[in-house]
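Listed below, chain by chain, are the residues.
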Amino acid sequence: MNSDISLPSDRGNRFYQGVAATLFANALQAVNFLGDRFLRKSHHSLSGIEDLYRHSMDSAFSVTEAFLVTGAPHASAYYPRDFAWFYPDVLDPETIMDAQDAVRRAHLLDKSVRLLLEAVRADVVTTTIVPAGRGRYLGVNYFSRPSDTLLGIVAGLQQMISADQRAPSYLAMAQCAHAGRLLQEEYGGDLKRAILQLASELEPFDDDGTRYLLCDARGPRSAATDTRAERRRFVTNACVYTTFLWSVQLGIIDENELKRLLGRDLAQYKKDLLRLFGKDGYIRHSLDGPKGPPVSAVALDFVGVHRGFWDMTDASERALFAATTDLIIAEPRFRIPSTFHFLVSADNPRNKLIHKIAAPAYQGRSSWPTFNVEFADRMLDYDEVSGGDNYRACAQGILKDIRTATELHGGYQELISEQGLKYRTWAYKGAVAHSWFPRFLSVWRRAYGTPLLQWND
């Protein structure tokens with residue numbers, strides 16, 4: 001295999017959006033789900049964690065792949081957000097098996113981020129990109145406009161640029177970092193334009209005489225749990241803040257430009273969000289809808305993304321995190337019995353008709369292992385900054401139960417049902433989320449102090 005990451009000489013990709021593109025994309029995705037429903041077969045019987053990992057990495061980062069995807073039935077579509085939510089440790093050297101594995105990962109990440117940046121240049125910033133033939137892509141917003149698409153694109157670019165800063169490193173990491181810097185140079189102006197557009201779309205929201213800025217004051221915006229179809233959600237607004245923060249850190253945009261649009265600096269913008277969503281002493285999932293008991297007003301997706309909204313440096317921020325975490329831990333309805341698998345919410349959220357038929361509880365009464373991994377990681381963040389040991393045992397329990405489920409079900413699951421089984425609905429038979437596996441290994445190392453798996457390259 002050629003270990004160089006080369007720039008394509010003729011991109012020739014075309015991006016489409018609109019009513020016709022959406023109808024065509026929906027038809028393609030229906031075929032994908034039906035194919036998964038009737039054709040998917042369980043074809044491997046590995047049970048040891050090391051063998052499962054090798055199989056997953058060979059599948060996730062195959063040289064035949066055109067884009068980094070999960071392995072789920074909807075993986076024929078590309079989700080920019082995943083590079084922030086689910087793929088932040090693709091290039092963690094301690095999760096890489098050997099030099100060839102490093103080459104495959106770096107090459108696939110480069111291809112994926114490049115395609116997403118081309119979409120931004122074409123002014124197609126959508127939740128989903130569906131391939132529709134050679135060099136043709138359909139940009140679709142299945143439920144609502146995105147809050148975290150640019151976040152994912154910036155995260156993927158950020159991961160590339162910093163690829164050579166973690167030891168031990170591989171030659172492919174240095175090449176990937178160089179390719180990332182070239183991408184930022186080529187597409188930085190397009191990203192800046194899109195980020196400024198996102199900032200200009202924030203809407204005023206008045207609460208108790210104070211004016212805040214939200215991305216979804218009047219209509220829902222999509223994030224990783226987008227089918228709730230709610231407005232004024234914490235996670236969507238935290239995604240927007242993190243997009244701005246990372247863009248400033250990467251040098252894509254100057255904070256003063258954002259300040260002129262927002263009327264406040266980023267630190268104040270974040271304080272406003274914490275004040276608004278945390279006014280009850282915990283982080284409320286959404287301001288939309290009737291008041292209820294605290295445990296019904298919080299959701300696991302508040303934990304956000306790696307190195308994202310929560311930095312735990314402020315005591316009041318830590319108090320809000322701890323209060324929300326304690327509500328989730330203490331409520332039996334948040335947990336698969338006898339495990340540390342936490343569900344997205346204590347109650348089913350509002351579902352659209354398609355979810356009642358095809359994928360009930362997809363965003364509510366089911367466990368996303370990768371959200372649990374981020375929950376564990378934020379717990380470790382809290383303990384590290386506070387100097388205590390409040391949550392380490394719980395974080396370790398989460399990771400231990402994910403390992404058990406991975407070995408039981410034959411791979412790292414995208415979803416686990418409320419009963420602790422593979423997530424299966426009529427249209428969704430369950431999927432092995434190959435490319436989410438490295439993130440689990442990275443957080444395991446942090447929680448336990450030693451790697452779960454080791455390789456001799």
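Residues numbered from 1 in each chain as written. Predicted model: local features only at pLDDT ≥ 70, side-chain atom pairs only at ≥ 80, totals over all residues. Heavy atoms only, no water.

1. Remarks on the overall build of the protein chain
A tally of helices and strands in the protein chain yields 14 helices and 5 strands. Taking 23 Å as the expected radius of gyration for a compact globule of 457 residues, we find that the protein chain reaches 21 Å, a close match to that expectation. Projected onto its principal axes, the C-alpha positions of the protein chain cover 60 × 50 × 45 Å. Expressed as a percentage of its 457 residues, the buried residues of the protein chain come to 59%. Look at the contacts in the protein chain between residues 6 or more apart in sequence, and 71% of them connect residues 24 or more apart. Charged side chains in the protein chain number 53 positive and 54 negative. The centres of these two groups are separated by 5 Å. (Helix = DSSP H or I, 4+ residues; strand = E, 2+ residues; numbered from the N terminus. Rg over C-alpha atoms; globule rule 2.2 N^0.38 Å. Buried < 20%, exposed > 50% of the residue type's maximum accessible area, 1.4 Å probe, protein only. Contact = heavy atoms within 4.5 Å. Lys, Arg positive; Asp, Glu negative; His and termini not counted. Charge placed at Lys NZ, Arg CZ, Asp CG, Glu CD.)

2. Brief notes about the packing of aromatic side chains
On inspection of all chains with the given rule, the structure shows 32 aromatic pairs. Centroid distance Y78 to Y137: 6.4 Å. Interplanar angle 45 degrees. Geometry classified as tilted. On the criterion of sequence distance, the pair formed by Y78 in the loop between α2 (49–60) and α3 (82–85) and Y137 in strand β3 (residues 136–140) is long-range, its members being 59 residues apart. Y137 carries the same exposure label as Y78, and that label is buried. Centroid distance F234 to F309: 5.2 Å. Interplanar angle 80 degrees. Geometry classified as edge-to-face. Of this pair, F234 sits in helix α7 (residues 234–250) while F309 sits in the loop between α9 (266–277) and α10 (315–330); the two residues are 75 residues apart in sequence, bridging distant segments of the chain. A single burial state applies to F234 and to F309, both of which are buried. In this arrangement the basic side chain of K270 is found over the ring face of F309, its NZ or CZ atom lying 5.0 Å from the centre. (Phe/Tyr/Trp six-rings, centres within 6.5 Å; stacked < 30°, edge-to-face > 60°. Lys NZ or Arg CZ within 6 Å of the ring centre and 35° of its normal.)

3. Examining a nonpolar patch on the surface
A cluster of nonpolar side chains, namely L34, F38, L39 and W426, defines an oily patch on the protein surface of about 480 Å² accessible area. Structurally, L34 is set in helix α1 (residues 19–39). Since its relative accessible area comes to 41%, L34 is described here as partly exposed. (Patch = residues over 30% accessible without salt bridge, like charges linked within 9 Å, V, L, I, M, F, W, Y side chains within 5 Å. Areas by Shrake-Rupley, 256 points an atom, 1.4 Å probe, with all protein chains shown as cover. Salt bridge = Lys/Arg side-chain N within 4 Å of Asp/Glu carboxyl O.)

4. Concerning the pairing of β3
With respect to burial, β3 is a largely interior element, 4 of its 5 residues being buried. Two strands pair when backbone bridges link them, and strand β2 (residues 128–131) and β3 are joined in this way by 4 bridges, in the antiparallel orientation. From the neighbouring strand, P131 faces β3, where its bridge partner is Y137. Between β2 and the antiparallel strand that follows it, β3, lie 4 residues; G133 among them carries a positive phi value of about 105 degrees. (Pairing = 2+ DSSP bridges.)

5. A look at the sheet that holds strand β1 (residues 14–16)
Across the sheet, which stays open at both edges, the 3 strands sit in the order β1-β3-β2 with mixed pairing between neighbours. Pairing within the sheet leaves two strands with one partner each, and these edge strands are β1 and β2. Adjacent strand axes in the sheet meet at a mean angle of 30 degrees, parallel and antiparallel pairs treated alike. Sheet strands in contact with α1 are β1, β2 and β3, and its direction is about 100 degrees off that of β3. Where helix α4 (residues 99–121) meets the sheet, its contacts fall on β1, β2 and β3, and the angle it forms with β1 comes to roughly 60 degrees. (Axes fitted to C-alpha atoms, helices over the stretch in contact; angles between N-to-C directions.)

6. Comments concerning the nonpolar core
One broad trend across soluble globular proteins is that nonpolar side chains are buried collectively. Formed by 139 residues in total, the largest nonpolar core has its most connected members in F244, Y269 and F440. Tallying contributions element by element places helix α6 (residues 171–200) first for this core, with 12 residues. Those residues in contact with F440 that sit more than four places away from it in its chain are V373, L399, I402, R403, Y412 and L452. Membership of the second largest hydrophobic core comes to 7 residues, among which are A25, A77, V130 and L138. (Core = buried A, V, L, I, M, F, W, Y, C linked by side-chain atoms within 4.5 Å.)

7. Concerning the packing of helix α5 (residues 149–161) against α6
α6 packs onto α5 with a crossing angle of 155 degrees between their chain directions and a minimal axis gap of 9 Å. With respect to each other, α5 and α6 are oriented roughly antiparallel. Here α5 and α6 pass one another in a crossing that is left-handed. Each of L150, I153, V154, L157, M160 and I161 in α5 lies in contact with α6, whose residues at this interface are C176, A177, A179, G180, R181, L183, Q184, L191, A194, I195 and L198. (Parallel < 35°, antiparallel > 145°, perpendicular 65-115°, else oblique. Left-handed = near helix turned anticlockwise from the far one by under 90°.)

8. With respect to the environment of D326
By the secondary structure assignment, D326 is in helix α10. Judged by its relative accessible area of 40%, D326 is partly exposed. Considered as a pair, D326 and Y282 are 44 residues apart in the sequence and their alpha carbons are 9.5 Å apart.

9. Quick notes on the side chain of Q184
Within the secondary structure layout, Q184 lies in helix α6. Side-chain polar atoms of Q184 contact the backbone oxygen of L250, separated by 2.8 Å. Q184 has contacts with L157, I161, L250, G251 and I252, leaving out every residue within four places of it along the chain. (Polar contact = N/O pair within 3.5 Å; in protein donor to acceptor, adjacent residues only side chain to side chain.)

10. A look at helix α12 (residues 369–386)
Its 18 residues place the ends of α12 26 Å apart at the C-alpha level, agreeing with the 26 Å of an ideal helix rising 1.5 Å per residue. Of all the 18 residues making up α12, 15 are buried; the element is thus mostly covered by neighbouring parts of the structure. Once α12 finishes, G387 follows within two positions and takes phi at roughly 75 degrees, a positive value. (Expected span 1.5 Å × (residues − 1).)

11. Brief notes about the environment of F309
Look at F309 and you get buried, because its relative accessible area is 2%. Put simply, F309 and V235 are 74 residues apart on the chain and 9.4 Å apart in space, counted from C-alpha to C-alpha.

12. Notes on α6
Its 30 residues give α6 an end-to-end C-alpha distance of 41 Å, which sits within 8% of 44 Å, the value for a rise of 1.5 Å per residue. Y187 marks where α6 bends most, by close to 60 degrees. (Bend = angle between axes of the 7 residues up to and from the residue.)

13. Overview of the state of the cysteines
Within the structure shown, the criterion is met by 0 disulfides. No disulfide involves C215; its sulfur sits 8.2 Å from that of C239, the nearest cysteine. Given the relative accessible area of 3%, C215 is considered buried. Overall, the relative accessible area of 4% leaves C239 in the buried class. (Disulfide = S-S within 2.5 Å.)

None of this, on its own, says anything about what the molecule does.
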